[in-house]
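# Summary of the model geometry
Listed here are the chains, written in short residue letters.
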Amino acid sequence: MSFDLGAVVPLGTTVRDANGSLANAGAMALTITLPDNTAVTVSPVVPTSTGTYTHDYPSVQAGRHIVRWVATGINAGAYTDVFDVREAAPPLLFSLASAKAKLDIPATSTSQDEELREFIEATTQCVEYFVGAVVRRTVQQVVSGGRDALLLHTTPVLAVSAVTPVQTGQETVDVGILDLDVDTGIVRRTDGLCFPVGPYRVLYTAGRTAVRPNISLAAKLILQHLWRTNYGAARGLAGIGGGEDFAVTEPIPGLGYAIPNRALQLLEGDRQPGGFA
């Protein structure tokens, strides 16, 4: 499961002797490798009870973390694990409360909240593959000059905030003279000139100011469809949509069974050619 940025991540491991019984190690050290490849080392780690070692780590970076426990001396051994930390503003098409309502999960039930949040993030990525960015986000992209237009790959584009030269000696570009095609991501100069030669780093905002009902409903249908996998053969339970889903026997060509056709049909009017990365 993923943790929110700034949350305290509970880490733990156990040590056993040759007979399989919990037993203390001679010494225990913990190393946490952060997403930027720096490391935090805790040594020694004192057992909280016989053979049980824990550490609460306050997260400071978003991304994949690698956890390495190393026991030395008596009952030596090692254990490696991973955990993920979400961005401060992860892309979410709808709230946890909305997801629960769609799945008929009582608002007072919280035992599946973390798993459900992961499903919401996955659903968001599925929808954006077809229709482009929905959740607002800041994007950095390096483009090549020497032409009359620049093409930004994450669309729709709401605004371009900076065009910065990558190499020394390049000409600067004033964002005040730029004309932006929101839907295609094509950026042109209003003075009729070409962009100077060389690579430029473009900082821009992509996404939508409002989510159209067809996109929102399609996302919830995908969530409902994926959530049924938790129930195996009982995926037709009335509480999560019930009945047969024709997409189970008629997968979308090239996509397998993850996206129900009814959701794809709702997205059809907003689809982008070739999907969105």
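Below is a short write-up of the structure. Note that the structure is predicted; figures quoted are calculated from it, not measured. (Residues numbered from 1 in each chain as written. Predicted model: local features only at pLDDT ≥ 70, side-chain atom pairs only at ≥ 80, totals over all residues. Heavy atoms only, no water.)

## Some details on the overall build of the protein chain
Looking only at helices and strands, the protein chain has 4 helices and 13 strands in total. In the protein chain, which comprises 277 residues, the proportion classed as buried is 37%. Accessible area of the protein chain: about 14700 Å², with a carbon and sulfur share of 53%. (Helix = DSSP H or I, 4+ residues; strand = E, 2+ residues; numbered from the N terminus. Buried < 20%, exposed > 50% of the residue type's maximum accessible area, 1.4 Å probe, protein only. Areas by Shrake-Rupley, 256 points an atom, 1.4 Å probe, with all protein chains shown as cover.)

## Points about the sheet that holds strand β3 (residues 27–33)
The sheet built from 5 strands is open, its strands ordered β1-β7-β6-β3-β4 with mixed pairing. The sheet is open, and its two edges are formed by β1 (2–3) and β4 (39–42), each paired on a single side. Bridge count between β3 and strand β6 (residues 63–72): 7 bridges; the pairing is antiparallel. Among the inter-strand pairings, Leu 30 is bridged to a residue of β6, identified as Trp 69. (Pairing = 2+ DSSP bridges.)

## Describing the packing of helix α2 (residues 113–131) against helix α3 (residues 213–227)
For the pair α2 and α3, the least separation of the axes is 9 Å and the interaxial angle reads 130°. Comparing their axes, α3 and α2 come out oblique. In this structure, the crossing between α2 and α3 has a hand that is right-handed. Together, Glu 115, Leu 116, Phe 119, Ile 120, Thr 123, Cys 126, Val 127 and Val 131 of α2 and Ile 215, Ala 219, Ile 222, Leu 223, Leu 226 and Trp 227 of α3 make up the contact between the two elements. Here the contact of α2 with α3 is built from residues that sort into 12 nonpolar, 1 polar and 1 charged. (Axes fitted to C-alpha atoms, helices over the stretch in contact; angles between N-to-C directions. Parallel < 35°, antiparallel > 145°, perpendicular 65-115°, else oblique. Left-handed = near helix turned anticlockwise from the far one by under 90°. Contact = heavy atoms within 4.5 Å. Nonpolar A, V, L, I, M, F, W, Y, C, P; charged D, E, K, R; others polar.)

## Regarding the layout of surface pockets
Within this model, the largest pocket holds a volume of roughly 400 Å³. Contributing to the lining of the largest pocket are 17 residues, with Glu 87, Pro 90, Pro 91, Glu 121 and Gln 125 lying nearest its centre. Of all the secondary-structure elements, those providing two or more residues to the lining of the largest pocket are β7 (77–85) and α2. Tallying contributions element by element places α2 first for the lining of the largest pocket, with 6 residues. (1 Å grid on protein atoms, 1.4 Å probe; cavity = no way out; pocket = protein on both sides within 12 Å on 5 of 7 lines; lining within 4 Å. Points joined across faces, edges and corners; volume = space filled by probe spheres on them.)

## Some words on the side chain of Arg 189
Positionally, Arg 189 belongs in strand β12 (residues 186–189). Polar contacts involving the side chain of Arg 189 include one to the side chain of Asp 191, which spans 2.8 Å. For Arg 189, the contacting residues outside a window of four places in its chain are Asp 148, Ile 177, Leu 178, Cys 194, Phe 195 and Pro 196. (Polar contact = N/O pair within 3.5 Å; in protein donor to acceptor, adjacent residues only side chain to side chain.)

## Observations regarding the sheet that holds β12
Strand order in the open sheet formed by 3 strands is β9-β12-β11, with antiparallel pairing between adjacent strands. Taken across any chain shown, the strands that pair with only one partner, and hence form the sheet edges, are β9 (149–151) and β11 (178–180). Averaged over neighbouring strand pairs, the angle between their axes works out to 25° when direction is ignored. Pairing analysis gives 3 bridges linking β9 to β12, with the strands arranged antiparallel. Considered in β12, the bridge of Leu 150 is made with Val 187.

## Observations concerning the packing of aromatic side chains
Enumeration according to the criterion identifies 4 aromatic pairs in this entry. By way of ring pairs, the aromatic residues Phe 3, Tyr 57 and Phe 83 are connected into one cluster. The cationic tip of Arg 189 hangs over the ring face of Phe 195; the distance from NZ or CZ to the ring centre is 5.9 Å. (Phe/Tyr/Trp six-rings, centres within 6.5 Å; stacked < 30°, edge-to-face > 60°. Lys NZ or Arg CZ within 6 Å of the ring centre and 35° of its normal.)

## Examining unusual backbone geometry
Geometrically, the link from Ser 43 to Pro 44 is a cis peptide bond, its omega value of -5° lying close to zero. Inspection of the secondary structure puts Pro 44 in the loop between β4 and β5 (52–58). Cis geometry is adopted by the peptide bond preceding Pro 156, which originates at Thr 155 and carries an omega value of -5°. Structurally, Pro 156 is set in the loop between β9 and β10 (157–165).

## Observations concerning the pairing of β6
Bridging between β6 and β7 involves 9 bridges; their strand directions are antiparallel. Directly across from Arg 64, in β7, lies its bridge partner Asp 84. Counted between consecutive antiparallel strands, the loop separating β6 from β7 contains 4 residues, among which Gly 73 sits at a positive phi close to 80°.

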